[in-house]
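Read off the chains here:
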Amino acid sequence: MFKLIPGIKRSVFRDNDPRAKQADAVFVARRPQVLEKSRYTCQGCLYRSMQTAKKPTKLQVHHQDDDHHNNDDSNLAPICGLCHGYPHLGCKTASTGGGGGLASDAQLAAIPELAAADLNNLLRAIGAAMSDPNEAAVAKQIYDVLCERVLPVRKAFGTSKALDFAGAMSKLNSVDYAARGDAVFDLRIVWKADVLKKAGADMLEDHPSLKPSSWHASYGELVEEALASQA
Ligand SMILES: [Zn+2]
Ligand SMILES: [Zn+2]
């Protein structure tokens, strides 16, 4: 499993690497086998996106040590777009392509009661429910509760923008960066609604037997709690 801690890419950037093309060629060759070996499972949240003759997987593949020259199996982690935002806060790469947006649009929220992996599964379900006329209102209500959790982050850090956190992290030395988990471990990425809708639509395509209304079964307790706290 891949630990979802807000972070940034700190080294070996493609843009100023003359050997990026060779590295990417190796990566592209390795990628299908890595995905297949995981059985098309996100190593952050365990979301599955099977590849079939009819559709490609929605999963991406992350270099865990940030080095795109290191294309060993042990360094390559299949990951969904929502989880891939964590190691690439504020990064304008394809990192959130599967989620349909950019981490630069996202906010960080204090949601310590939900692990990032669980939150991503909830957010995906909210995104799917938002597209169902019968579920949209309650989905929006839950989403609003989660969005309100940016307020304590703003109070503590002066900002809740993922991009601002990325900027601050880029100025840390490597020791402080490695220790950042203490400060940001409870912080979760709350994506814009359109990113969630895209992730939800992807989920319904990956798992056609799922009904948007089935999300209550998985998240009923959390949903009820959130609604009760609003009442
Ligand atoms: Zn994931
Ligand atoms: Zn990555």
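Residues numbered from 1 in each chain as written. Chains lettered and ligands numbered in written order. Predicted model: local features only at pLDDT ≥ 70, side-chain atom pairs only at ≥ 80, totals over all residues. Heavy atoms only, no water.

1. Focus on the overall build of the chain
Within the chain, the regular secondary structure consists of ten helices and four strands. When the helices and strands of the chain are placed in sequence order, the string is α-β-β-α-β-α-α-α-α-α-α-β-α-α. For the chain, with 231 residues in total, the buried portion stands at 49%. Within the chain, residue pairs in contact and separated by at least 24 positions form 73% of the contacts whose partners lie at least 6 positions apart. (Helix = DSSP H or I, 4+ residues; strand = E, 2+ residues; numbered from the N terminus. Buried < 20%, exposed > 50% of the residue type's maximum accessible area, 1.4 Å probe, protein only. Contact = heavy atoms within 4.5 Å.)

2. Examining the pairing of strand E1 (residues 60–63)
The side chains of a regular strand alternate, first on one face of the sheet and then on the other. Across the two faces of E1 the burial is the same, with Gln-60 and His-62 and Val-61 and His-63 all buried. Pairing between E1 and strand E2 (residues 76–79): four bridges, direction antiparallel. Pairing of Gln-60 across the sheet is with Ile-79, part of E2. (Pairing = 2+ DSSP bridges.)

3. Brief notes about the coordination of the zinc ion (ligand 1)
Surrounding the zinc ion (ligand 1) are the protein donor atoms Cys-42 (SG), Cys-45 (SG), Cys-80 (SG) and Cys-83 (SG), which sit 2.2 to 2.3 Å from the metal. With four donor atoms in place around the zinc ion (ligand 1) and angles of 105 to 116° between them, the coordination shape is tetrahedral. Read in sequence order, the donor residues for the zinc ion (ligand 1) give the motif C-x2-C-x34-C-x2-C. Judged by its relative accessible area of 0%, Cys-42 is buried. Note on Cys-45: relative accessible area 7%, which makes it buried. (Donors = N, O, S within 2.8 Å, 3.2 Å for Na, K, Ca; no water. Tetrahedral: all angles 85-135°; square planar, octahedral: opposite > 155°, others 65-115°.)

4. Observations concerning the packing of helix H3 (residues 116–130) against helix H4 (residues 136–148)
Packing of H3 against H4 leaves a shortest axis separation of 8 Å and a crossing angle of 145°. Of the two elements, H3 crosses H4, and the hand of that crossing is left-handed. In this structure, H3 uses Leu-119, Leu-122, Leu-123, Ile-126, Ala-129 and Met-130 to contact H4, whose residues at the interface are Ala-136, Ala-139, Lys-140, Ile-142, Tyr-143 and Leu-146. Among the residues making up the contact of H3 with H4, the classes are represented as eleven nonpolar, no polar and one charged. (Axes fitted to C-alpha atoms, helices over the stretch in contact; angles between N-to-C directions. Left-handed = near helix turned anticlockwise from the far one by under 90°. Nonpolar A, V, L, I, M, F, W, Y, C, P; charged D, E, K, R; others polar.)

5. A closer look at the coordination of the zinc ion (ligand 2)
For the zinc ion (ligand 2), the full set of protein donor atoms is His-62 (ND1), His-84 (NE2) and His-88 (NE2), at a range of 2.0 to 2.1 Å. Written as a sequence motif, the donor arrangement for the zinc ion (ligand 2) is H-x21-H-x3-H. Of the two residues, His-62 sits in strand E1 while His-88 sits in the loop between helix H2 (81–84) and strand E3 (107–110), which places them 26 residues apart along the sequence. Among the residues examined, His-62 registers a relative accessible area of 3% and is labelled buried.

6. Structural notes on the packing of aromatic side chains
Within the structure shown, the criterion is met by one aromatic pair. Residue placement shows Arg-124 over the ring face of Tyr-47; its charged tip is 4.0 Å from the ring centre. Sitting over the ring of Tyr-177, Arg-180 keeps its end group 4.1 Å from the ring centre. (Phe/Tyr/Trp six-rings, centres within 6.5 Å; stacked < 30°, edge-to-face > 60°. Lys NZ or Arg CZ within 6 Å of the ring centre and 35° of its normal.)

7. Some remarks on the confidence of the model for the chain
Mean pLDDT over the chain stands at 86; residues scoring 70 or higher make up 85%. Of the regions scoring below 50 in pLDDT, residues 93–101 engages in 27 contacts with residues more than four places distant in sequence or in other chains. (pLDDT = per-residue confidence, 0-100.)

8. Details of the pattern of salt bridges
Inspection of every chain in the model, using the stated rule, returns eight salt bridges. Note that Lys-37 and Asp-73 form a salt bridge whose closest N and O atoms lie 3.4 Å from each other. With Lys-37 in helix H1 (residues 20–37) and Asp-73 in the loop between E1 and E2, this residue pair connects regions lying 36 residues apart in the sequence. Relative accessible area serves as the criterion here: at 31%, Asp-73 is assigned to the partly exposed category. When the shortest N-O distance is used, the salt bridge between Lys-140 and Asp-144 registers 2.9 Å. In this pair, Lys-140 and Asp-144 both sit in helix H4, four residues apart, roughly one turn of the helix. What makes Lys-140 partly exposed here is its relative accessible area of 44%. Salt bridges sharing partners connect three or more residues here, namely Lys-55, Lys-58, Glu-205 and Asp-206. (Salt bridge = Lys/Arg side-chain N within 4 Å of Asp/Glu carboxyl O.)

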